[in-house]
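Structure assessment
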Amino acid sequence: SQEGFEILSALDGEVGLRLATEKHPDVILLDLILPKANGFDVLKSLKEQEATKNIPVVVLTNLESMEDIQKALDLGARAYLVKSNYDLKELVGMVKKAIAET
């Protein structure tokens, strides 16, 4: 929010999907480990819906297996970031880049 972004947050995948559909954010930061609907399911649903398919999704998670990375990218994630490898400044830069590329 210090960078001028309006932030919406959801505590589970179902709420996140509903918010994305209703609010049409400029970019989505998506964790893969979520209650009710995991991040892979949310990402798949986002990319299948006409209203949300073009919203850039940056996966931000603690999962770092090559299988998880490839699956997220195959489902349409713009980028895949492992939380422990990035600081807040780098994350803001990725968000700005994702928005600029749309």
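Going by the structure above, here's the rest.
Position numbers for residues start from 1 in each chain and track the written sequence from start to end. Totals for whole chains, interfaces and linings use all residues, but because this is a predicted model, local features are given only for residues with pLDDT of at least 70 and pairs of side-chain atoms are given and counted only at 80 or more. No hydrogens and no water enter the side-chain calculation; it runs on all heavy atoms of the structure.

1. So, the layout of surface pockets
Here a cavity means grid points, on a 1 Å grid over the protein atoms only, where a 1.4 Å probe fits yet cannot get out; a pocket means an open set of points with protein on both sides within 12 Å along at least five of seven lines; lining residues are those with an atom within 4 Å of a point. Grid points are joined across faces, edges and corners, and a volume is the space filled by probe spheres set on the points. Computed from the structure, the largest pocket encloses a volume of approximately 1,000 Å³. Considering the residues around the largest pocket, the lining is formed by 34 residues, among which Ile7, Leu8, Val27, Ile28 and Leu29 are closest to the centre. Going along the chain from the N terminus, every DSSP run of H or I of four or more residues is numbered as a helix, and every run of E of two or more is numbered as a strand. Mapped by element, the contributors of at least two residues to the lining of the largest pocket are helix 1 (13–23), strand 1 (28–30), helix 2 (39–48) and helix 4 (88–100). Looking at the lining of the largest pocket, its residues break down into 21 nonpolar, 5 polar and 8 charged. Here the nonpolar group is Ala, Val, Leu, Ile, Met, Phe, Trp, Tyr, Cys and Pro; Asp, Glu, Lys and Arg are the charged ones; every other residue, Gly included, is treated as polar.

2. So, the environment of asparagine 62
You can see asparagine 62 is positioned in the loop between strand 2 (57–61) and helix 3 (66–75). Three exposure classes are used, based on accessible area relative to the maximum for each residue type with a 1.4 Å probe and protein chains only: buried under 20%, partly exposed in between, and exposed over 50%. By relative accessible area, asparagine 62 is classed as partly exposed at 48%. Between the C-alpha atoms of asparagine 62 and isoleucine 33, which are 29 residues apart in sequence, the distance is 8.4 Å. Ignoring anything within four residues of it in the chain, the contact list for asparagine 62 reads Val82, Lys83 and Ser84. In what follows, residue pairs with any heavy atoms lying within 4.5 Å of each other are defined as contacts.

3. Topic: helix 3
Residue pairs spaced three or four apart in an α-helix point in one direction, given the helix's 3.6 residues per turn. Every buried residue belonging to helix 3 is among Asp68, Ile69 and Ala72, and all of these are buried. When helix 3 is viewed along its axis, its buried side chains cluster within an angular range of 100° and face the same direction. The exposed residues of helix 3 that point more than 90 degrees off its buried face are Met66, Glu67 and Asp74. Packing partners of the buried residues in helix 3 comprise helix 2, strand 2 and strand 3 (79–82). Phi turns positive one or two residues past the end of helix 3, at glycine 76, with a value near 115°. By definition, the arc is the one covered by directions from the helix axis to the C-beta atoms.

4. Let's talk about the side chain of aspartate 31
Tracing the backbone shows aspartate 31 in the loop between strand 1 and helix 2. A 3.5 Å cut-off defines polar contacts: any pair of N or O atoms within that distance qualifies, except that in protein one atom must be a possible hydrogen donor and the other a possible acceptor, and neighbouring residues in sequence count only when both atoms are side-chain atoms. At 3.4 Å, the side chain of aspartate 31 forms a polar contact with the backbone nitrogen of isoleucine 33. There is a polar contact of 2.9 Å between the side chain of aspartate 31 and the side chain of lysine 83. Among all residues touching aspartate 31, those that are not within four sequence positions of it are Gly39, Leu60, Thr61 and Lys83.

5. Section: the sheet that holds strand 1
A pair of strands counts as paired when DSSP detects no fewer than two bridges linking them. The strand order across the open sheet formed by 3 strands is 1-2-3, and the pairing between neighbours is parallel. Bordering the open sheet on either side are strand 1 and strand 3, each of which pairs with just one other strand. If you compare each strand with its neighbour and ignore which way they point, the axes differ by 25° on average. Judged from the 3 bridges that link them, strand 1 and strand 2 form a sheet pairing that is parallel. Looking at the pairing, leucine 29 lines up with valine 58 of strand 2. Note on geometry: axes are C-alpha line fits, over the in-contact stretch for helices, and angles between N-to-C directions span 0 to 180 degrees.

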